[in-house]
Structures are given as C-alpha cells and as structure tokens.
Amino acid sequence: MTVNQLDPTPLWEQLAAIIRERIKAGDYQPRQALPSEAQLQQEHGVARGTVRRAMRALGEEGWTVTVQGRGTFVAPEESWPSS
C-alpha cells in the first residue's frame, strides 16, 4: 500500500491513513519504532515534508509518540483514539 499521486487527497493524509491502518492491523506494535523519515520517503516516493506532516497528524491523533533524538514510536494502545 502506498500513496496515489493522482488521488486529490493530500499526500500527507494518504500516508497518515496508510500508517494508521498498519498500526490497527498490527503491522506496527505498540511502543515499536516506526520507520525513519528517510525510509518512509523512499518507500512511498514522497517528500520529507509530507512524511513530517503525516507523522505530526498521527501524533496529534494519539497514534504515535515522538521522542527527540530517538524517533517516532507507536503509542500504547490505550492512547489510541476510539474509532
């Protein structure tokens, strides 16, 4: 699953949705480190700003936690939004 450049939905929203679904599916476990910005850029063919905006949105929603100098991690399941 990757972003669709032809879809009118902003790329950062598409990327955030992909990561969110992978968290829900168990591909990324609670407290597990997510791939680096560079890895996500390469995997999805998007700009660094797109990755950062997607990660910021996921953090604001409660799906992820960013630790300065360590990376971004999946939040504990009790922190996830109920939806």
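Relevant structure appears above.
Anyway, here's the lowdown on the structure attached to this text.

**Some details on the side chain of T50**
Logical step 1: The residue T50 is located in helix α3 (residues 48–61) in this model.
Logical step 2: Setting aside anything within four residues of it in sequence, one finds T50 in contact with L11, W12 and L15.

**Brief notes about the nonpolar core**
Logical step 1: Core analysis: the biggest nonpolar cluster contains 18 residues, and L15, I19, I23 and M55 have the highest contact counts within it.
Logical step 2: Listing elements by their share of this core, those giving two or more residues are α1 (11–25) and α3.
Logical step 3: Among the elements that line this core, the one with the most residues is α1, at five residues.
Logical step 4: With near-sequence residues (within four places) excluded, I19 lies in contact with Y28, L34, L40, M55 and L58.

**Section: the packing of helix α2 (residues 37–44) against α3**
Logical step 1: Two numbers describe how α2 lies on α3: the axes approach to 9 Å, and their chain directions differ by 115 degrees. The angle between α2 and α3 places the two elements in the roughly perpendicular class. In this structure, α2 meets α3 at a crossing whose hand is right-handed. Only R48, V51, R52 and M55 of α3 make contact with α2, whose side of the interface consists of E37, L40 and Q41.

Cut-offs applied
- Residues numbered from 1 in each chain as written.
- Predicted model: local features only at pLDDT ≥ 70, side-chain atom pairs only at ≥ 80, totals over all residues.
- Heavy atoms only, no water.
- Helix = DSSP H or I, 4+ residues; strand = E, 2+ residues; numbered from the N terminus.
- Contact = heavy atoms within 4.5 Å.
- Core = buried A, V, L, I, M, F, W, Y, C linked by side-chain atoms within 4.5 Å.
- Buried < 20%, exposed > 50% of the residue type's maximum accessible area, 1.4 Å probe, protein only.
- Axes fitted to C-alpha atoms, helices over the stretch in contact; angles between N-to-C directions.
- Parallel < 35°, antiparallel > 145°, perpendicular 65-115°, else oblique.
- Left-handed = near helix turned anticlockwise from the far one by under 90°.

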